[in-house]
Amino acid sequence: MATETTTLADALPKEIQRCQEVLGWYKEIGPVGAFGHAMITASIAAAHKAMIEGDVVAMIRAYEDLKEIKS
């Protein structure tokens, strides 16, 4: 039985994309979602920074942080 392996390099961009969709929902609800929007934006920015810098530890932290964002 074969199992599919997902790498961090594959999983992190998918989580970023998922969280960007959630970010849109927070924007749609207006001022009530402003704090959540700001927090998700910061998490996405941290993930992008970690990927650009090639910082694997920061990428893992960012991935775990993004997984906590509920959709």
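Residues numbered from 1 in each chain as written. Predicted model: local features only at pLDDT ≥ 70, side-chain atom pairs only at ≥ 80, totals over all residues. Heavy atoms only, no water.

Undergrad: Whenever I open this one, the confidence of the model for the protein chain confuses me. Can you help?
TA: Parts of the model with low pLDDT should not have their predicted coordinates read in detail. Counting all residues, the mean pLDDT for the protein chain is 94, and 97% of those residues have values of 70 or more. For the protein chain, helix α1 (residues 8–28) is the element with the lowest average pLDDT, namely 95, and helix α3 (residues 56–67) is the one with the highest, namely 98. (pLDDT = per-residue confidence, 0-100. Helix = DSSP H or I, 4+ residues; strand = E, 2+ residues; numbered from the N terminus.)

Undergrad: How do you make sense of helix α2 (residues 34–53) when you look at a structure like this?
TA: Quick reminder: α-helices carry 3.6 residues per turn. Residues three or four places apart thus point the same way. Between its first and last C-alpha atoms α2 spans 28 Å; for 20 residues at 1.5 Å apiece the expected length is 28 Å, and the two agree. Those residues of α2 not exposed but buried are G36, I40, S43, I44, A47 and A50. Down the axis of α2, the sector holding all buried residues measures 120°, keeping them to one side. When the buried face of α2 is taken as reference, the exposed residues oriented beyond 90 degrees from it are F35, I52 and E53. Contacts from the buried residues of α2 go to α1 and α3. In the stretch just after α2, G54 is the one whose phi turns positive, near 70°. (Expected span 1.5 Å × (residues − 1). Buried < 20%, exposed > 50% of the residue type's maximum accessible area, 1.4 Å probe, protein only. Arc of directions from axis to C-beta. Contact = heavy atoms within 4.5 Å.)

Undergrad: What exactly am I supposed to notice about the pattern of salt bridges here?
TA: Applying the stated criterion to the full structure yields 3 salt bridges. The salt bridge partner of E64 is K67, with a shortest N-O separation of 3.5 Å. Residue E64 and its partner K67 are both found in helix α3; the two are separated by 3 residues, about one turn of the helix. When its relative accessible area of 37% is taken as the criterion, E64 is described as partly exposed. When its relative accessible area of 37% is taken as the criterion, K67 is described as partly exposed. (Salt bridge = Lys/Arg side-chain N within 4 Å of Asp/Glu carboxyl O.)

Undergrad: How should I be thinking about the nonpolar core in this particular structure?
TA: Across soluble globular proteins, nonpolar side chains show a tendency to be buried alongside one another. Ranked by size, the top nonpolar core spans 15 residues in total, and within it L12, I40, I44 and L66 carry the most contacts. For this core, the element with the most residues is α1, which contributes 6 residues. Ignoring sequence-local partners within four residues, the contact set of I44 consists of I16, C19, Q20, L23 and L66. (Core = buried A, V, L, I, M, F, W, Y, C linked by side-chain atoms within 4.5 Å.)

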